[in-house]
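This is what each chain is made of:
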Amino acid sequence: MKKRGRTWRCRRRRIQMQQPVNLSSTTGLITLRQWMHKADYHGNHLIPALFTDTGRGLMTLKPLKVDDVIISIPKRLLITTQTTLDSEIGDYIKSCTPKLTPLQVLCIFLMYEKAKGLNSSWHPYISVLPQVYTTPAYFSNEELTSLPRFLSIQAQQQVLTVKGAYEAVADILVTMETMFAFCHGVMGFEEFRWAWFVINTRSVYMKQDVSEFLQPEVNTYALAPLLDLLNHSPTVEVSAAYNKSSQCYEIKTKTPYKKYDQVFICYGPHDNTKLLLEYGFTVPHNPHNVVMFEIDEIIKYLTCQLSSQHSHGALMEKKLQILHSNQMTSDLSCSLDGLSWKLQTVLRILCMDFNELNSWKRILTGGECSKQTELKSKQLANECIQGALNSNQETVQKVRLLPTSQHVDLVLSVCEERKLILESQL
């Protein structure tokens, strides 16, 4: 046999390190699959695996063609508001005044079933759920205060939203602690926050009837065991819906897969900022990444400020009136493909003089602005981009001073993607 050299061994080691690790023999996941099979789940071609790039996910043991069903979860394995209303705490939930929302009901049900431990019929599923999440509501105060403005405002809002949601049901949870001995001490904010993010990061969209016992609002949350191990990819397409005929929640792929590939679903065309805020992860080289600019930031770099001479102030006031009345002060973005049409249009309007501003509408229909305005708008764009780059670098330096954590790594990954976009436009 030919003797293999060091290069061959290194290459083989690299390949082995990149191969997914089969997790189907893990105790918790064995129990989950056995429990699901007893409830008429018949899927055997998807198995849990650990991937180097995404962590835990699902791997296919056979090739999948376009329109193949990836996974089909029977109705009896879905956790919905009806599951709660039919459970042993259903009568109590129905008696609550004011009526609860679907999200509140599901949070309470998850907390209750988790508190039951091994005595819960849902324990095989609940036991394999993440115990903590990496969304901003789990960030430390130090991490929150170090976030850049584009993340900070929404992150702080998320923290307040979760706290407000808990306070709205706190009295109900206290009552449950007195009603059920096993609930004592485990129905507080930490447990509620966990349940809130289980639902908001892992549920599937499933339109359900409005219940007379709940608030009359759209009810679309459903938790689907095993299905929620499917990771997000911005480059795949799927169709997902509850099949009334088979009484299963089904996902069909619009993307083919080879044997042993990781199978993905798509949460939607979200950039990394939204993915971090809502799901607690980012995607490298996400094609939907954008850098957003606020109108106030753009004006800051404009040489013609409102505080300048009266004529310039009047001119700026007229420009802002045009932008506001035509809904052109938001969604101003740039990506690797360049500045959005809306941002370019705003920059041109802001750089027009009095005479040209009188016919500003022509640029909406493809007309050109003057060469002087075009030049000024490009200069203004460069100043805005450079300013955003400087701000981004300041954030990176501040965040790198924090103790190493997954939260820090996620914020740095968002900043790195922003840097790549901004540098590509200079």
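Since this is a predicted model, take the numbers as computed values, not measurements. (Residues numbered from 1 in each chain as written. Predicted model: local features only at pLDDT ≥ 70, side-chain atom pairs only at ≥ 80, totals over all residues. Heavy atoms only, no water.)

## Section: the sheet that holds strand β12 (residues 332-335)
- What the three strands build is an open sheet, ordered β11-β12-β13; its pairing is antiparallel. Strands at the two margins of the open sheet, each flanked by one partner only, are β11 (291-293) and β13 (338-339).
- Each of β11 and β12 touches helix α16 (residues 406-424); the most contacted strand, β11, lies at about 70° to it. (Pairing = 2+ DSSP bridges. Helix = DSSP H or I, 4+ residues; strand = E, 2+ residues; numbered from the N terminus. Contact = heavy atoms within 4.5 Å. Axes fitted to C-alpha atoms, helices over the stretch in contact; angles between N-to-C directions.)

## Observations regarding the confidence of the model for the chain
- Looking at the chain as a whole, its pLDDT mean stands at 92, while 93% of the residues score no less than 70.
- With pLDDT under 50 throughout, residues 8-17 is counted as low confidence; its partners more than four residues away or in other chains account for two contacts.
- Predicted confidence for residues 304-311 stays below pLDDT 50, and this span has 11 contacts to residues more than four positions away or in other chains. (pLDDT = per-residue confidence, 0-100.)

## A look at the pattern of salt bridges
- If you walk through the whole model with that rule in mind, you get 11 salt bridges.
- Across the pair D40 and R76 runs a salt bridge, and its minimum N-O distance is 3.5 Å. In this pair, D40 is assigned in the loop between α2 (27-38) and β2 (46-51) and R76 in the loop between β4 (69-74) and α3 (81-85), connecting sequence segments 36 residues apart.
- Assessed through its relative accessible area of 44%, D40 is described here as partly exposed. (Salt bridge = Lys/Arg side-chain N within 4 Å of Asp/Glu carboxyl O. Buried < 20%, exposed > 50% of the residue type's maximum accessible area, 1.4 Å probe, protein only.)

## Remarks on the side chain of E113
- One can find E113 in helix α5 (residues 102-116).
- A relative accessible area of 5% means that E113 is categorised as buried.
- Among residues more than four places away in sequence, those in contact with E113 are S120, S121, W122 and I126.

## Details of the packing of α5 against helix α8 (residues 149-179)
- Remark: α5 packs on α8, axes separated minimally by 12 Å, with the N-to-C direction vectors making an angle of 30°. Classed by the angle they form, the pair α5 and α8 counts as roughly parallel. Here the hand of the crossing between α5 and α8 comes out right-handed. Note on element contacts: α8 touches α5 through A168, V169, I172, L173 and M176, opposite Q104, I108, M111 and Y112.
- For the contact of α5 with α8, the per-class residue count stands at eight nonpolar, one polar and no charged. (Parallel < 35°, antiparallel > 145°, perpendicular 65-115°, else oblique. Left-handed = near helix turned anticlockwise from the far one by under 90°. Nonpolar A, V, L, I, M, F, W, Y, C, P; charged D, E, K, R; others polar.)

## Structural notes on α5
- With 15 residues, α5 extends 21 Å between its outermost C-alpha atoms, agreeing within 8% with the 21 Å of an ideal straight helix rising 1.5 Å per residue.
- Burial analysis of α5 places 13 of its 15 residues in the buried class, the great majority of the element.
- G117 occupies a position one or two residues after α5 and carries a positive phi of about 60°. (Expected span 1.5 Å × (residues − 1).)

## Some details on the sheet that holds strand β8 (residues 238-243)
- One open sheet accounts for three strands, arranged β4-β9-β8; its pairing is antiparallel. Each end of this open sheet is capped by a strand with a single partner; those strands are β4 and β8. Averaged over all pairs of adjacent strands, the angle between their axes in this sheet comes to 10°, without regard to strand direction.
- Both β8 and strand β9 (residues 248-253) contribute to a ladder of six bridges, which runs antiparallel. Across the sheet, residue Y242 finds its bridge partner in β9, namely Y249.

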